[in-house]
Amino acid sequence: MKRDVAIISSGMSKFGKREGKGLIDLYLEAIEEVIQSTKLERIDALIAASMSPGRYENIMGPANILAGLLGIEEGTVMRVENTSGSGGAAIFVGYQLVSSGRSDFALVIGGEKMTHLSTEENTSIIAGLVHEYERKLGITLPSYAALLARAYMNEFNAPQEALASVAVKNHLHGSMNPKAHFQKRITIEDYFNSKVVSDPLRVMDYTPISDGAAAILLTPKDIALSYTSKPIIIKGVAGATDTLVVHERDDFLNLKAVEISSKKALKESGLDLKNIDLIELHDMATILEIVELESMGFYKRGEAWKAEMNGENRYDGDLPVNTSGGLKAKGHPIGATGVAQAYEISMQMWKRAGERQAKREVNHALSMSMGGFGNNAYTVIYEKGW
């Protein structure tokens, strides 16, 4: 019989340039916060997400290293890799272990150490997400985002100020998040003064290269109530894929994996879009926040940019999006991102988000972790369990 799965604790390291801290150090920083807030007796499953610890630090078994340090024996231990969606995939695995009865205490952790390498080295590693055929033609993730932005602006007559609004909003949220990589607010003028990276997108459109880790502890709901009076229930979690070769897609302006994974997760949860009070999504570039909101169905095609410009997606708006600062300001240590989204949602539901606390009551929330340029996506639906 399938069991209800609850988050009873969460933790996150500071994101940013963490000199002298390796991946394992960052993992442990996030885990320490989890353990401090829970009188935990044991961990019987450890799911560690990371994209490329071998390329970054010559670490081939981070989950095994962590298991040894935490004293986990006879447990289920594994690393999950799903490019930039590794964290979301790890939550999926942890959820399956607990819901099936194979685990009672599953620690899901995601992290990446990136900033010690040059921009060129990082670009080379991340370029591995792109299909070889397109990579040979010089395609990169930033250039995909620029192509998407130009196509969207042309199709829906959206001004570049809409992209600037996303950047300004997410930096506002990041300025109120003490664990974010960027904690400085920016203006529209700052955005337009930043240099063009791939026309029409500028430096202020893209996420930074970051170090960091985040963790959540999953248990069945009946056990969770012995540890907390405020469990957060995972009501649904689902993955979906699209073509890896982007030019083979039917509709460039719709991220099919995002659309399908959100529909599947909502169906599993028994909820629909109007029930969702807060969203954390994958804004590797500002245009992705807009297109993902439309792909999931929160806005009609060509309408999300208007919501961004009128403030609807601010922490104090009608539908808060990326209150953490998103990848844009919080940072994007690739393997950590999906789990960091769950961390932010837990902080919002427990009303521990400080200045960035959403003004509306957050009873249900959604996170979406995307692999590659929409190659696949995992969507998670959360509900207050009290």
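The residue numbering used here restarts from 1 in each chain and proceeds along that chain's sequence as written. Local features in this predicted model are restricted to residues of pLDDT 70 or higher, and side-chain atom pairs are both shown and tallied only at a pLDDT of 80 or more, whereas totals for entire chains, interfaces and linings draw on every residue. Working from all heavy atoms in the structure, the side-chain values ignore hydrogens and water.

Undergrad: I keep staring at the overall build of the protein chain and nothing clicks. Help me out?
TA: Numbered from the N terminus, helices here are DSSP runs of H or I no shorter than four residues, and strands are runs of E no shorter than two. Along the protein chain, the regular secondary structure elements total 15 helices and eleven strands. For a compact globule the rule gives 2.2 Å times the number of residues to the power 0.38, and the radius of gyration it is set against comes from C-alpha atoms. In terms of overall dimensions, the protein chain is globule-like: its C-alpha atoms have a radius of gyration of 19 Å, near the 21 Å expected for 386 residues. If one aligns the C-alpha atoms of the protein chain with their principal axes, the spans along those axes are about 55 × 45 × 40 Å. Three labels apply to residues, based on accessible area from a 1.4 Å probe with only protein chains included: buried if under 20% of the type maximum, exposed if over 50%, partly exposed otherwise in between. In the protein chain, which comprises 386 residues, the proportion classed as buried is 63%. Contacts are assigned to residue pairs with any non-hydrogen atoms lying within 4.5 Å of each other. For the protein chain, long-range pairs separated by at least 24 residues make up 77% of all intrachain contacts whose partners lie at least 6 apart in sequence. Here the protein chain contributes 42 positively and 48 negatively charged side chains, and the mean placements of these two sets differ by 2 Å. Charge assignment: positive for Lys and Arg, negative for Asp and Glu; neither His nor the chain ends contribute. A charged residue contributes its charge at one atom only: NZ of Lys, CZ of Arg, CG of Asp or CD of Glu.

Undergrad: Help me out: how do you make sense of the pattern of salt bridges in this one?
TA: Close approach of charged atoms lets side chains of opposite charge pair. Note on definitions: salt bridges are taken to be side-chain nitrogens of Lys or Arg within 4 Å of carboxyl oxygens of Asp or Glu. In this structure the tally under the stated criterion is 20 salt bridges. The salt bridge partner of Asp104 is Arg42, with a shortest N-O separation of 3.4 Å. Here Arg42 lies in the loop between α1 (23-36) and β2 (45-49) and Asp104 lies in the loop between α4 (86-99) and β4 (106-112), a separation of 62 residues in the sequence. Looking at Arg42, the relative accessible area reads 40%, which means it is partly exposed.

Undergrad: Mind showing me how you'd approach the UniProt feature "domain: Thiolase N-terminal" (unreviewed entry) in the protein chain here?
TA: The feature "domain: Thiolase N-terminal" (unreviewed entry), as annotated in UniProt, sits at residues 5-221 in this numbering. Strand forms 18% of residues 5-221 and helix 43%; the C-alpha atoms that close the span are 6 Å apart. UniProt positions are given in the numbering used here, feature names are shortened, and annotations may be inferred rather than shown by experiment.

Undergrad: Looking at this model, I keep getting lost on the UniProt feature "domain: Thiolase C-terminal" (unreviewed entry) in the protein chain. Mind explaining?
TA: Within this structure's numbering, the places UniProt gives as "domain: Thiolase C-terminal" (unreviewed entry) are residues 239-383. Taken end to end, residues 239-383 comprises 34% helix and 15% strand; its first and last C-alpha atoms sit 19 Å apart.

Undergrad: Teacher, can you tell me more about the sheet that holds strand β8 (residues 232-241) here?
TA: In a beta sheet, neighbouring strands are held together by backbone hydrogen bonds and run either parallel or antiparallel to one another. Each pair of strands is called paired provided DSSP finds at least two bridges between the two strands. The strand order across the open sheet built from nine strands is β3-β2-β4-β7-β1-β8-β11-β10-β9, with neighbouring strands paired in mixed fashion. Unpaired on one side and paired on the other, β3 (76-80) and β9 (278-280) mark the two borders of the sheet. Adjacent strand axes in the sheet meet at a mean angle of 25° when their direction is disregarded. By the bridge criterion, seven bridges tie strand β1 (residues 5-12) to strand β7 (residues 212-220) in an arrangement that is antiparallel. Along β7, the bridge assignment pairs Ile7 with Leu218. Axes, fitted as lines to C-alpha atoms, cover a helix only where it is in contact. Angles between the N-to-C directions of the axes lie from 0 to 180 degrees. Set on the sheet, α4 makes contact with β1, β2, β3, β4, β7, β8, β10 (364-371) and β11 (376-384); between it and β2 the angle comes to about 165°. On the sheet, helix α11 (residues 256-269) packs against β8, β10 and β11 and is oriented at approximately 145° with respect to β8.

Undergrad: How should α11 be read in this particular structure?
TA: Because each turn of an α-helix spans 3.6 residues, side chains separated by three or four positions end up pointing in the same direction. The end-to-end C-alpha distance of α11, which contains 14 residues, comes to 20 Å, matching closely the 20 Å that a straight helix rising 1.5 Å per residue would cover. Considered for burial, the residues of α11 that qualify are Ala257, Val258, Glu259, Ser261, Ser262, Ala265, Leu266 and Ser269. On its buried face, α11 is in contact with β8, α12 (286-296), β10 and β11. One or two steps after α11, the chain reaches Gly270, where phi turns positive at roughly 80°. What a helix should span is 1.5 Å times the count of its residues minus one.

Undergrad: When you look at the packing of aromatic side chains in this model, what are you seeing that I'm missing?
TA: Both the distance between ring centres and the angle between the ring planes are used here to describe each pair of aromatic rings. The pairing test for Phe, Tyr and Trp rings, Trp by its six-membered ring, is centres within 6.5 Å, and the orientation test on the planes gives stacked under 30 degrees, edge-to-face over 60, and tilted for anything in between. By the definition in use, this model includes five aromatic pairs. Look at Tyr191 and Phe192: their rings are 5.0 Å apart centre to centre, the planes differ by 85°, and that puts the pair in the edge-to-face class.

Undergrad: Can you walk me through the nonpolar core in this structure?
TA: Nonpolar side chains tend to gather and get buried jointly when the protein is soluble and globular. In terms of nonpolar packing, the biggest core is built from 62 residues, with Tyr152, Leu201, Ile279, Met284, Ile287 and Phe298 touching the most fellow members. Residue assignment for this core shows that the elements contributing at least two residues are α7 (141-156), α8 (160-175), α11, α12, α13 (304-309), β10 and β11. For this core, the element with the most residues is α7, which contributes nine residues. The residues contacting Ile279, other than those within four sequence positions of it, are Leu293, Met296, Phe298, Leu319, Pro320, Val321, Asn322 and Leu366. Judged by nonpolar contacts, the second largest core, of 38 residues, contains Met12, Tyr95, Ala358 and Val380. In these notes, a set of buried Ala, Val, Leu, Ile, Met, Phe, Trp, Tyr and Cys residues joined through side-chain atoms within 4.5 Å is what counts as a nonpolar core.

Undergrad: Sorry if this is basic, but what is going on with the packing of α1 against helix α3 (residues 62-70) here?
TA: Helix-helix packing is characterised by the crossing angle of the two axes and by the distance between the axes. Viewed as axis vectors pointing N to C, α1 and α3 meet at an angle of 50°, and their least axial separation amounts to 11 Å. The pairing of α1 with α3 is recorded here as oblique in orientation. Helix-helix and strand crossings are classified by hand; for α1 and α3 the assignment is right-handed. Between α1 and α3, the residues in contact are Leu23, Ile24, Tyr27, Leu28 and Ile31 and Pro62, Ile65, Leu66, Leu69 and Leu70, respectively. Residue classes in the contact of α1 with α3 are distributed as ten nonpolar, no polar and no charged. The labels follow the angle: roughly parallel below 35 degrees, roughly antiparallel above 145, roughly perpendicular from 65 to 115, and oblique for the rest. When the near helix sits turned anticlockwise from the far one by under a right angle, the crossing is termed left-handed; a clockwise turn instead gives a right-handed crossing. Polar here means any residue outside two lists: the nonpolar Ala, Val, Leu, Ile, Met, Phe, Trp, Tyr, Cys and Pro, and the charged Asp, Glu, Lys and Arg; Gly therefore counts as polar.

Undergrad: Honestly, unusual backbone geometry in this entry has me stumped. Any pointers?
TA: What you tend to see is this: most non-glycine residues have negative phi, and most peptide bonds are trans. In this model, Asp199 is joined to Pro200 through a cis peptide bond whose omega is 10°. The phi dihedral of Asn58 is positive, around 60°, even though this residue is not glycine. Along the chain, Asn58 falls in the loop between α2 (53-57) and α3. Given a relative accessible area of 63%, Asn58 falls into the exposed group.

Undergrad: Is there a simple way to explain α7 in this structure?
TA: The end-to-end C-alpha distance of α7 is 22 Å, a good match for the 22 Å that 16 residues give at a rise of 1.5 Å each. Looking at α7, one finds that the buried residues are Leu141, Ser143, Tyr144, Ala145, Ala146, Leu148, Ala149, Tyr152, Met153 and Phe156. A positive phi of about 55° marks Asn157, the residue just after α7.

Undergrad: Can you help me understand the packing of α4 against helix α15 (residues 337-349) in this one?
TA: Here α4 crosses α15 at 70°, and the two axes come no closer than 5 Å. When the axes of α4 and α15 are compared, the pair comes out roughly perpendicular. Side by side, α4 and α15 meet where Gly87, Gly88 and Ile91 of the first sit next to Gly338, Val339 and Ala342 of the second. Partitioning the contact of α4 with α15 into residue classes produces three nonpolar, three polar and no charged.

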